[in-house]
Amino acid sequence: MTDSMLQDSPTAPAPRSQPIPTVPVTTEDTGLSPGLIGDLIMKALYNLGARSGDELRAFVRLPFAILDEQLVDLQKRRLIEVREGGQSRVTYTYDLTTEGRNRARESMDANGYVGPAPVPLQQYGRWVENQSVRDVVVTEETIRQGFSHLVFEDSFLDQLGPAINSGLSLFLYGHAGNGKTTIAEAISGMLGGHVYIPWALEVEGQIIVLYDPVYHDLVTADGNDVDDPLAASALFLEGQPHDDRYAVVRRPVVFVGGELTLEFLELQYDPQTRVYQAPPHVKASGGVFIIDDFGRQLVRPRDLLNRWMVPLEKRIDYLALRNGYKFPVPFDCLVIFSTNLNPLELVDEAFLRRIRYKIMVESPNRAQYEEIFRRCCDSNDMLYDSTRVDHVYKAFYERLRMAPRGCHPRDIVDTVCNIAKYENTQPSLSIELLDRACRSYFLDVPGAGSVVGQYSLGDED
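Student: Any chance you could explain the overall build of the protein here in plain terms?
Tutor: Each helix and strand counted, the protein has 20 helices and 17 strands in total. The long-range share in the protein, meaning contacts at least 24 apart out of those at least 6 apart in sequence, stands at 75%. Of the roughly 21,100 Å² of accessible surface on the protein, 48% is carried by carbon and sulfur atoms.

Structural data, given as structure tokens:
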């Protein structure tokens, strides 16, 4: 269950020191072909216009010494020219020649990716191992701190700890409204630290975009957010440069719900740009991948687990390019399945066995319900009165024969506040306001009996 208070979770534990992807010194260090780097330079100039060497370095995210090898070659081939000089080549302004623009268009037609230099798949695989989510350790103290803003029994938290430390898979089940999604979010928050993810990957000359601002929060060394991706590297680890082809982000949290299909778990090819987008579980690498409302997807649970049988056990997934080339990618994330359906009605025991940890999220008992209610009142500057909880139990839960859920106190208090706002009065736990809030919240159908309990409103959180 959850108190659903609108407050931040306690600060995650300080991240342990971790390796830093070293800056490539030579073209060979990048693992990329000179031709691919040259194409990136020409496409950048084609889309951005004339740029200085330093601006190209910041955009392509490779050391200028590596870029300059290709700039010299492109100049010799009369594909680019120097528009303005400077004190050194890094300050020169470069632009495409007419022939260079033609070549850039041809390159764009074959592959429309314009951005930071990609990281080859092999290098990416090695780096995932350096920062694996399996290396994150949470202790009893970490768990208690990370869930201090929620209301749970210690015995329940003690089940979560080993599951998180496994870095494998976790199945949360129980009635809707008891906080399974909130638990998943709290778990992701306590992992703490940062990871390095490539802006893009290179596989057989094709580009797969990995960085996604929806899921990846750029950070500085002291944990502050970075709004401008172009400024990210300059703000991170000043004096300790890293391979700028990697973005520095908080451990990602990727949610998918009822919209999930098997196709969604494959590479997404954009015919307009001729570039691939990584699937969500690859974007979750080093963090948490949450399948919310498991069993309500457009794909059958059995088919979904069949698709992930190998990744869940071997920690490797296989993706395919449009030409049929198939390749392995690391499957390094804590996978959390969350459902309010009966697990045994979703899949058989053999499939559930592949999900390592199964934990039931129970409805709150009376003492827990009162504590959640009290916290919700405090967060809304309302005076808490335990006798009002007695009234709600007798007038609604007992009369309608339905069970309380962890989300109910939040929703009832919010509804009271909304009524008071509408009437321009001070919100309070008066019997009149409580009754009006509960009548509009619960499905109070005369004679419906225990069926009403199945249809009480309330979000998963």
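Student: Sorry, what's going on with unusual backbone geometry here?
Tutor: Across the chain, the bulk of peptide bonds are trans and the bulk of non-glycine residues have phi less than zero. You will see that Arg 78, though not glycine, has its phi angle at about 60 degrees, which is positive. Here Arg 78 is to be found in the loop between α4 (64–76) and β2 (80–84). Even without a glycine there, the phi angle at Arg 401 is positive, about 55 degrees. Relative to the helices and strands, Arg 401 is located in the loop between α17 (386–400) and α18 (408–422). Exposure remark for Arg 401: the relative accessible area of 56% places this residue in the exposed category.

Student: Sorry, what's going on with the sheet that holds strand β8 (residues 206–209) here?
Tutor: Sheets are built from strands that pair by backbone hydrogen bonding, the pairs being arranged parallel or antiparallel. Pairing in this open sheet of 5 strands is mixed, and the strands run β4-β7-β8-β12-β11 from one edge to the other. In this open sheet, the two strands that pair with only one neighbour each are β4 (119–120) and β11 (268–270). The sheet contact formed by strand β7 (residues 200–203) and β8 spans 4 bridges and is antiparallel. Across the sheet, Leu 201 pairs through a bridge with Ile 208, a residue of β8.

Student: How should I be thinking about the pairing of strand β9 (residues 246–250) in this particular structure?
Tutor: In regular strands, side chains alternate between the two faces of the sheet. In terms of residue burial, β9 counts as a mostly covered element, since 4 of its 5 residues are buried. Pairing of strand β6 (residues 194–198) with β9 involves 5 bridges; the strand directions are antiparallel. Residue Ile 197 lies in a different strand from β9, and its bridge partner there is Ala 247.

Student: Got a minute to help me understand the packing of aromatic side chains in this structure?
Tutor: Each aromatic ring pair is described using two quantities: the centre-to-centre distance and the angle formed by the ring planes. Overall, the coordinates contain 23 aromatic pairs when judged by the stated rule. Centre to centre, the rings of Tyr 397 and Phe 442 are 5.6 Å apart; their planes meet at 65 degrees, and the pair counts as edge-to-face. Of the two residues, Tyr 397 is situated in helix α17 and Phe 442 in the loop between α19 (431–441) and α20 (451–454); the sequence distance between them amounts to 45 residues. Of the residues examined, Tyr 397 reaches a relative accessible area of 3% and is grouped as buried. With 5.0 Å between their ring centres and 65 degrees between their planes, Tyr 441 and Phe 442 make a pair best called edge-to-face. In terms of burial, Tyr 441 and Phe 442 fall into one category: buried. The residue whose ring lies beneath Arg 366 is Tyr 393, and the NZ or CZ to ring-centre distance is 4.2 Å. Directly above the ring of Phe 396 sits Arg 399, whose terminal nitrogen or CZ lies 5.6 Å from the centroid.

Student: Help me understand the packing of helix α16 (residues 366–379) against α17, please; the structure alone is not making it clear to me.
Tutor: The relative placement of two packed helices is expressed as an angle between their axes plus a distance between the axes. The interhelical angle for the contact between α16 and α17, taken along N-to-C directions, is 115 degrees, at an axis separation of 11 Å. When you trace α16 past α17, the crossing you get is right-handed. Touching Arg 366, Tyr 369, Glu 370 and Phe 373 of α16 are Val 389, Asp 390, Val 392, Tyr 393 and Tyr 397, all from α17. Broken down by class, the residue content of the contact of α16 with α17 amounts to 6 nonpolar, no polar and 3 charged.

Student: What am I meant to see in the environment of Trp 199 here?
Tutor: Structurally, the position occupied by Trp 199 is in the loop between β6 and β7. Spatially, the C-alpha atoms of Trp 199 and Ala 247 are 6.1 Å apart, while their sequence positions differ by 48 residues.

The rules behind each value
Residues numbered from 1 in each chain as written. Predicted model: local features only at pLDDT ≥ 70, side-chain atom pairs only at ≥ 80, totals over all residues. Heavy atoms only, no water. Helix = DSSP H or I, 4+ residues; strand = E, 2+ residues; numbered from the N terminus. Contact = heavy atoms within 4.5 Å. Areas by Shrake-Rupley, 256 points an atom, 1.4 Å probe, with all protein chains shown as cover. Buried < 20%, exposed > 50% of the residue type's maximum accessible area, 1.4 Å probe, protein only. Pairing = 2+ DSSP bridges. Phe/Tyr/Trp six-rings, centres within 6.5 Å; stacked < 30°, edge-to-face > 60°. Lys NZ or Arg CZ within 6 Å of the ring centre and 35° of its normal. Axes fitted to C-alpha atoms, helices over the stretch in contact; angles between N-to-C directions. Left-handed = near helix turned anticlockwise from the far one by under 90°. Nonpolar A, V, L, I, M, F, W, Y, C, P; charged D, E, K, R; others polar.

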